[in-house]
Structure formats: structure tokens, C-alpha cells
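The lines below spell out each chain.
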Amino acid sequence: MALHSAAVSFCCVSFNPQASLFRQCSIKPSRLSSPSLPRFRIQVESGNGPFEVDDSSLVVCFGEMLIDFVPTTSGLALAEAPAFKKAPGGAPANVAVGIARLGGASAFIGKVGEDEFGYMLANILKENNVNNEGMRFDPGARTALAFVTLRKDGEREFMFYRNPSADMLLQEAELDIELIRKAKIFHYGSISLITEPCKSAHIAAAKAAKEAGVILSYDPNLRLPLWPSAESAREGILSIWDTADIIKISEEEISFLTQGEDPYDDNVVRKLYHENLKLLLVTEGPEGCRYYTKEFSGRVKGLKAEAVDTTGAGDAFVAGILSQLALDTSLLQNEDRLRDALRFANACGALTVMERGAIPALPTRETVLNALLKPVD
């Protein structure tokens, strides 16, 4: 994939090459086992000790968690695939794990079946240092499944098994409201808006977050086969558009939401910018991303990557940017620092396409920083 690397200069650790690598600070230990690099926002202990951010930078992710079945051979239709590899997925859960892999604090709220896959997914979150206290288990519905075909170009086609699946049945009464109120950022998609009772639970969760002063982050993550019609998808996605503080969309989603207008035209993109929005991000796959705020806009290139499977790349990008915004929201007012943060997020996405599956492919912070420090070819 034709992405370009760029020098990394992240938000603010004290760095003294004559002394120990980093000044020690009061962040609790645990998510990764490597020191940081100059000017990244999180400060860590010197040496190779683990670290952890505290809950003041918590990102709570709401929505679906499921099992992706990915063909072991790329470029084949589902019926032609000789075998499938089981991989945990679901966009909000991917973001939660992505943030934790990058050293951030994250939690997941959603519902799975009271079945082997459901318990497996809960354990995967726990193993990845994601708070799973907001998960619920439905005894009468199965954990959602998705068969994902990989075309020769690494892009995906989906077949979902949700009839209904447990994630669709989360009720407002089952929400962990206290966990939501503790968040710095509350992140969600649009799939949880498709059916009741999950739609009402989603709206109630976002309302509780907004009232608590939590930043709302929205990635529509369009999956047309799950909606009754294209029009219902457009209406559903836009029904909560104006409540979000941060929105991430793809070029395809811009075309869909504007009913065929040019996604590369800034005037078209600006139509989707509502007055209370703090940041609108447009991901462009191998080309990187664009950013829009009230004060400035621009494009940030990414990294070169050989695409094996694009599943989870957008979620890795979201994890990359939210992990930094949760630590320092002043990035939204500083274009240079925001661009640095987006280079980091682009690298997260690029590294994820190099492996199959979503959660298994999400990179650690050390891997991302090492990739960014490699010279441009």
C-alpha cells in the first residue's frame, strides 16, 4: 500500500539523553513492557518496566463484539474458501483493545451470548487489559458471527449471522452508567442503532455521557447488509450526527451520506461538519487521512504497508487518535501536535493490515513508534 512514513514527534515527555531515558512519573504500571520514545504524551518509568495510564483518561467503547471468520486463503468467495480462521472482532471492541495495546485505559460495554464464544470474547478483553465490567451475557441469544471474505486487493465482503444476536438485545437497564460517567471519551458506532432494544440503550448511554461532560466519539462504520435499506442506514447514521464531538468517516461513507457527492471535495466534506463538532476525520486507506476543525484542516500521509487484510484498520486508526486525545484534549487546538497524533494513528492502521483479523493484528505502542522512526524509502 502506497503510504509514506513521517517523523514522529508526540506530545510531551521529558527526555534527557544524558540521564535515564525518561523521568519517572505517577502513572501506574501495566500495559506494555517497553519504554517510550521522545515527546510522546505518556510518561513511563525508566528502564524496561511496564506502565499504565490512570482512569482519568478512560475511553469507554459501546456496541458490538463478535467473532469474525476470515478465510485462510485471500481472494476467494466464501463458498470457495477451504478454511476459516476465527478472530475476535466488532468495531467498538477493536477500538477498546487497540487503545489498551497502545498503553491507554479502555473499557467495553456491550452484550454477547451466554455461550463459549461470549465467554471467550470477555476473556480476550480481560487478557488485553480492557475493563469488561460493562459486558452482559444473554442466555437466549447467541454471540454474533461474521464471515469476512478477503478479495485479492485485501478489501472485505461480509456475511453476518445475527438473527437476532445477543449484541442487538442489550437493554437500557443493563447499562453500567457509572462506568460511562467516569470516561474521558465515549466511543460508539451506528450498528447499535439498527434494532431495539439496543438502539434505546445506545441513546441513553450517549445521553448519560454527554450530561457528564464526556467527549463523544462516533465512527459510523457503515455495514449496509445489516440495515433494512440504504435509506434507513442513512437516516439512522445521521440521526445522532449532531451530538458527536469527534467523527471519523471513510471516503465511501461520505459518498453514501451525501448521496453520491465527491468525497475528495472539501466543500462536500464541510457539509457534514456540524457547529458543535470539534474534529472531523476522513480516512483514505493507503493515502492516510484528512482532518477538519473550525480553525484548520489538512491531510496527513501514512506508512507503507503490504495489505493482507484490511479488517480492523479503521478501528486501529481510531484507537491511535483516541488514545492520545484521552490524555490531552488540547491537541484539538494545536494543528502541529494534532498532525503528529494523526501520523501515529495512520501508522496504527497501516500495521493492522499486515495481519489477518482485527484484534489479533492490532499493534502495540512500541511497534507503532518503531515503524514511525524508520526512514522513508
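The structure this text deals with has already been given above.
All values reported here derive from a predicted model rather than from experimental measurement. (Residues numbered from 1 in each chain as written. Predicted model: local features only at pLDDT ≥ 70, side-chain atom pairs only at ≥ 80, totals over all residues. Heavy atoms only, no water.)

Draft legend 1. Structural view of the overall build of the protein chain. Of regular secondary structure, the protein chain possesses 10 helices and 13 strands. Counting every position in the protein chain, which comprises 377 residues, the buried fraction comes to 57%. For the protein chain, the proportion of contacts with a sequence separation of at least 24, taken over those separated by at least 6, is 70%. Total accessible area computed for the protein chain in this model is approximately 15,300 Å², and 49% of it derives from carbon and sulfur atoms. (Helix = DSSP H or I, 4+ residues; strand = E, 2+ residues; numbered from the N terminus. Buried < 20%, exposed > 50% of the residue type's maximum accessible area, 1.4 Å probe, protein only. Contact = heavy atoms within 4.5 Å. Areas by Shrake-Rupley, 256 points an atom, 1.4 Å probe, with all protein chains shown as cover.)

Draft legend 2. View of the packing of aromatic side chains. Taken as a whole and assessed by the stated rule, the structure comprises 11 aromatic pairs. Ring centres of Tyr291 and Phe296 lie 6.2 Å apart, and the angle between their planes is 70°; on these two criteria the pair is classed as edge-to-face. Take Tyr291 and Phe296: they sit in the same class, and that class is buried. Members of the aromatic cluster, joined through ring pairs, are Phe62, Phe186, Tyr188, Tyr218 and Trp241. Against the face of Phe256 rests Arg234, its NZ or CZ located 4.4 Å from the ring centre. Lying over the aromatic face of Tyr273, Arg270 brings its terminal NZ or CZ to 5.3 Å of the ring centre. (Phe/Tyr/Trp six-rings, centres within 6.5 Å; stacked < 30°, edge-to-face > 60°. Lys NZ or Arg CZ within 6 Å of the ring centre and 35° of its normal.)

Draft legend 3. Representation of the packing of helix 8 (residues 313–325) against helix 9 (residues 335–352) within the structure. Where helix 8 meets helix 9, the closest approach of the two axes is 7 Å, and the angle between their N-to-C directions is 150°. Classified by the angle their axes make, helix 8 and helix 9 are roughly antiparallel. In this structure, helix 8 meets helix 9 at a crossing whose hand is right-handed. Residues Ala313, Ala316, Phe317, Gly320, Ile321, Ser323 and Gln324 of helix 8 lie in contact with helix 9, whose contacting residues are Leu338, Ala341, Leu342, Phe344, Ala345, Asn346, Cys348, Gly349 and Thr352. (Axes fitted to C-alpha atoms, helices over the stretch in contact; angles between N-to-C directions. Parallel < 35°, antiparallel > 145°, perpendicular 65-115°, else oblique. Left-handed = near helix turned anticlockwise from the far one by under 90°.)

Draft legend 4. Structural detail: the pairing of strand 9 (residues 215–218). Here strand 9 shows a buried face lined by Ile215 and Ser217 and a second buried face lined by Leu216 and Tyr218. Bridging between strand 8 (residues 185–188) and strand 9 involves 4 bridges; their strand directions are parallel. Along strand 9, the bridge assignment pairs Phe186 with Leu216. Pairing between strand 9 and strand 10 (residues 246–250): 2 bridges, direction parallel. When the sheet's bridge partners are listed, Tyr218 is paired in strand 10 with Ile247. (Pairing = 2+ DSSP bridges.)

Draft legend 5. Expanded view of the sheet that holds strand 1 (residues 59–62). Sheet architecture is open: 9 strands sit in the order 5-4-1-8-9-10-11-12-13, paired in mixed fashion. A strand with exactly one partner marks an edge of an open sheet, and here the two such strands are strand 5 (131–138) and strand 13 (297–300). With direction set aside, neighbouring strand axes in the sheet form an average angle of 15°. Strand direction decides the pairing type here: strand 1 and strand 4 (residues 106–113), joined by 4 bridges, are parallel. Counterpart to Val59 in the pairing with strand 4 is Ser106.

Draft legend 6. Region of the structure containing helix 9. A rise of 1.5 Å per residue sets the reference length of helix 9, with its 18 residues, at 26 Å; its end C-alpha atoms lie 26 Å apart and thus fit the reference within 8%. The element helix 9 is largely enclosed, with a buried count of 15 among its 18 residues. (Expected span 1.5 Å × (residues − 1).)

Draft legend 7. Inspection of the nonpolar core at higher detail. One finds Met65, Ile321, Leu322, Leu325 and Leu342 to be the most contacted residues of the largest nonpolar core, which totals 60 residues. It is helix 9 that contributes the most residues to this core, 9 residues altogether. Excluding residues that lie within four positions of it along the chain, Met65 makes contacts with Gly89, Gly90, Ala93, Phe108, Val112, Leu121, Leu125, Met135, Thr143 and Ile359. In this structure, Val60, Ala107, Val269 and Tyr292 belong to the second largest nonpolar core, which totals 53 residues. (Core = buried A, V, L, I, M, F, W, Y, C linked by side-chain atoms within 4.5 Å.)

Draft legend 8. A look at the pattern of salt bridges. A complete count under the given rule lists 14 salt bridges for this structure. With its nearest N and O atoms 3.1 Å apart, the salt bridge here joins Asp245 to Lys278. Taken together, the positions of Asp245 in the loop between helix 5 (230–239) and strand 10 and Lys278 in the loop between helix 7 (266–270) and strand 11 (279–283) put the pair 33 residues apart, joining distant regions of the chain. The class for Asp245 is buried, based on a relative accessible area of 5%. Among the residues examined, Lys278 registers a relative accessible area of 36% and is labelled partly exposed. (Salt bridge = Lys/Arg side-chain N within 4 Å of Asp/Glu carboxyl O.)

Draft legend 9. The pairing of strand 13, seen in detail. Taken together, the 4 bridges between strand 12 (residues 289–292) and strand 13 define a ladder with antiparallel strand orientation. The partner of Arg290 across the bridge, within strand 13, is Arg299. Taken together, strand 12 and the strand that follows it, strand 13, pair antiparallel across an intervening segment of 4 residues.

Draft legend 10. Local environment of helix 8. The end-to-end C-alpha distance of helix 8, which contains 13 residues, comes to 19 Å, matching closely the 18 Å that a straight helix rising 1.5 Å per residue would cover. Burial analysis of helix 8 places 12 of its 13 residues in the buried class, which makes it a mostly covered element. Listing the buried residues of helix 8 in full gives Ala313, Asp315, Ala316, Phe317, Val318, Ala319, Gly320, Ile321, Leu322, Ser323, Gln324 and Leu325.

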